[in-house]
Amino acid sequence: MAQRFEFKISEVNRVRRVTSLDTLCVPLILVEPILVVGGAQALTKRWSSEYILSTVQDELEVTVDRVPRPDGKSCDVFPDTKSERAALGVEEITISFQDLIKIGESRLETKIEQSLVEAQRSGEVQEEILCRKCYNHVDQDVQGAVAICSVCGFRNVVGRKHGVWALAKPSLVTLENEEDSSLCYDYYMQQQSWPFKTLFPELFADLTNIGLQCLRERIAVASANVMWLGTGKTRSQLHKDRKDNVIVQICGMKRVLLWPPELEKNMYPRQDADGTHFEDRFSQVSLTCSQTEVEASYPTIAQTAAISAEVNEGDALLIPANWWHQVDSQTCKKRGYHLMVNSFYSLA
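Remember, predicted model here, so these are calculated numbers, not experimental data. (Residues numbered from 1 in each chain as written. Predicted model: local features only at pLDDT ≥ 70, side-chain atom pairs only at ≥ 80, totals over all residues. Heavy atoms only, no water.)

A.B. asks: Just checking my understanding: could you explain the sheet that holds strand β10 (residues 234-235) for this structure?
C.D. replies: The pairing of strands in a sheet happens through backbone hydrogen bonds and is either parallel or antiparallel. Spatially, four strands are ordered β10-β15-β12-β13 in an open sheet, and the strand pairing comes out antiparallel. What marks the edges here is a single partner per strand, and that holds for β10 and β13 (307-311). Here β10 pairs with strand β15 (residues 324-330) via two bridges, running antiparallel. Within the sheet, the bridge partner assigned to arginine 235 lies in β15 and is aspartate 328. (Pairing = 2+ DSSP bridges. Helix = DSSP H or I, 4+ residues; strand = E, 2+ residues; numbered from the N terminus.)

A.B. asks: What am I meant to see in the packing of aromatic side chains here?
C.D. replies: Working definition: an aromatic ring pair is given by the centre-to-centre distance plus the angle between the planes. Counted under the stated rule, the structure contains seven aromatic pairs. Seen in terms of ring centroids, tyrosine 185 and tyrosine 187 are 6.4 Å apart; in terms of plane orientation they differ by 55 degrees. Their pairing is tilted. The two residues tyrosine 185 and tyrosine 187 agree in class, both being buried. Through successive ring pairs, a cluster of aromatic residues spans Phe5, Phe7 and Trp259. Against the face of tyrosine 185 rests arginine 66, its NZ or CZ located 4.1 Å from the ring centre. (Phe/Tyr/Trp six-rings, centres within 6.5 Å; stacked < 30°, edge-to-face > 60°. Buried < 20%, exposed > 50% of the residue type's maximum accessible area, 1.4 Å probe, protein only. Lys NZ or Arg CZ within 6 Å of the ring centre and 35° of its normal.)

A.B. asks: Would you mind going over the side chain of asparagine 245 with me for this structure?
C.D. replies: Along the chain, asparagine 245 falls in strand β11 (residues 244-251). Judged by its relative accessible area of 2%, asparagine 245 is buried. Within the structure, asparagine 245 has its side chain in polar contact with the side chain of asparagine 342 (distance 3.5 Å). Residues within four places of asparagine 245 in sequence aside, it is in contact with Leu317, Leu318, Ile319, Asn342, Ser343, Phe344 and Tyr345. (Polar contact = N/O pair within 3.5 Å; in protein donor to acceptor, adjacent residues only side chain to side chain. Contact = heavy atoms within 4.5 Å.)

A.B. asks: Teacher, can you tell me more about the pattern of salt bridges here?
C.D. replies: Pairs can form between side chains of opposite charge once their charged atoms are near each other. The final tally for this structure, using the stated rule, is eleven salt bridges. Of the charged contacts, one joins aspartate 328 and arginine 235 as a salt bridge, the two residues approaching to 2.7 Å between their closest N and O atoms. Here aspartate 328, found in strand β15, pairs with arginine 235, found in strand β10; they are 93 residues apart in sequence, far enough to count as distant. By relative accessible area, which is 8% here, arginine 235 ends up buried. Through salt bridges with shared partners, one network takes in Glu6, Arg235, Arg255 and Asp328. (Salt bridge = Lys/Arg side-chain N within 4 Å of Asp/Glu carboxyl O.)

A.B. asks: How do you make sense of helix α6 (residues 201-208) when you look at a structure like this?
C.D. replies: For α6, the complete set of buried residues consists of Leu203, Phe204, Asp206 and Leu207. Down the axis, α6 shows its buried residues gathered within 160 degrees of arc, on one side only. (Arc of directions from axis to C-beta.)

A.B. asks: What should I look at first to understand unusual backbone geometry in this one?
C.D. replies: Keep in mind that most residues, glycine aside, have a negative phi and that most peptide bonds are trans. Positioned with a positive phi, tyrosine 268 is a non-glycine residue whose angle comes to about 55 degrees. You can see tyrosine 268 is positioned in the loop between β12 (253-259) and α8 (291-297). Its identity as a non-glycine residue notwithstanding, asparagine 322 has a phi of 70 degrees, on the positive side. Following the sequence through the fold, asparagine 322 ends up in the loop between β14 (316-319) and β15.

A.B. asks: How should I be thinking about the side chain of serine 96 in this particular structure?
C.D. replies: In this structure, serine 96 sits in strand β4 (residues 91-96). Sequence-distant contacts of serine 96, that is, excluding residues within four places in its chain, are made with Leu60 and Glu61.

A.B. asks: Even after reading the chapter, I still don't get the nonpolar core, so can you show me in this structure?
C.D. replies: Note that soluble globular proteins tend to have their nonpolar side chains buried in a common cluster. Core analysis: the largest hydrophobic core is formed by 47 residues, its most contacted members being Trp47, Phe97, Phe196, Phe200 and Met227. Discounting residues that sit within four places of it in the chain, methionine 227 has contacts with Phe97, Met189, Gln190, Gln191, Phe196, Phe200, Leu203, Leu339, Met340 and Val341. (Core = buried A, V, L, I, M, F, W, Y, C linked by side-chain atoms within 4.5 Å.)

A.B. asks: What is the right way to look at the pairing of strand β9 (residues 224-230) in this model?
C.D. replies: Within a regular beta strand, the side chains point alternately toward one face of the sheet and then the other, so they alternate between its two faces. Of all seven residues in β9, six are buried; the element is thus mostly enclosed. Here strand β8 (residues 185-191) runs beside β9; their pairing, made up of four bridges, is antiparallel. From the neighbouring strand, methionine 189 faces β9, where its bridge partner is leucine 229. By the bridge criterion, seven bridges tie β9 to strand β16 (residues 338-345) in an arrangement that is antiparallel.

A.B. asks: I keep staring at the sheet that holds β16 and nothing clicks. Help me out?
C.D. replies: Taken in spatial order, the nine strands make up an open sheet running β1-β2-β14-β11-β16-β9-β8-β3-β4, and their pairing is mixed. This sheet does not close on itself; its edge strands, each paired only once, are β1 (16-19) and β4. Taking the axes of each pair of neighbouring strands and ignoring which way they run, one obtains an average angle of 25 degrees across the sheet. Sheet contacts for α6: β9, β11 and β16; angle to β9, the most-contacted strand, approximately 110 degrees. (Axes fitted to C-alpha atoms, helices over the stretch in contact; angles between N-to-C directions.)

In structure tokens:
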């Protein structure tokens, strides 16, 4: 199989980083991306899975992309063109928001159980219990079939399997029919069909009251707030946004590659076919292109180094309008999914 193309990353230039204590130096009008380390930490702590689900109306349905997991591994790309989506088997389906959260958590719990079994077989552990809620080790003695977590107080129902006290195997969420196990697919939600404020009013209130002024003043004037949630690795199409953008990372991690507007010709923008200037926000370079294909057909982009930012849980990334970027996402080790909200705004 041909090696998939990966962008060059500058070894010299990095995205500017500031801490939550240094945000007074963040200019109102951005000229470069700025990573605010820990800028949304309080929001991340508040938005646990339990809290998020408690704020969502019952049976809220969302439209998601569903893509097969070849050999049980994340496909990790979600292309936007019809031909590429068809080739990868990407489908749009509707599921409940609650089930989307459960899919990530169920997959994580299954991985934990499998790792415990493997560790016991190799002799690394003899007796092991992890809390089903916070995933910390449960050190207390097992009484009957219940172990109480000393960290969060959760009562864990456990069972002995292959000689290991481990989490009871979770029931898999089944979608559409019994043959479609959630472990066979990755799911990716881009909430845009309804305003964020309408679907998630309590989360919207939390977001607009975020602690740091440099974030709050931008979110307050946002023309759109969008939630993104995925149960596996994802990679976005190389693109630019015409408004400034705040990425608030709730859980999981993102690696963002960025190029300034003056390098736009090197990005090979698509043609604006219908006058809406939607298509020319995206690069012609496919997510599935091989290294040799890109070097042959798009030579300048292959040689144009990006600056990078690693956006961890509780961080916020400010991206100026018209900066080209590609986003890689990884799931949270404690939740089984990645989640972020971004706000598009203009202060000019």
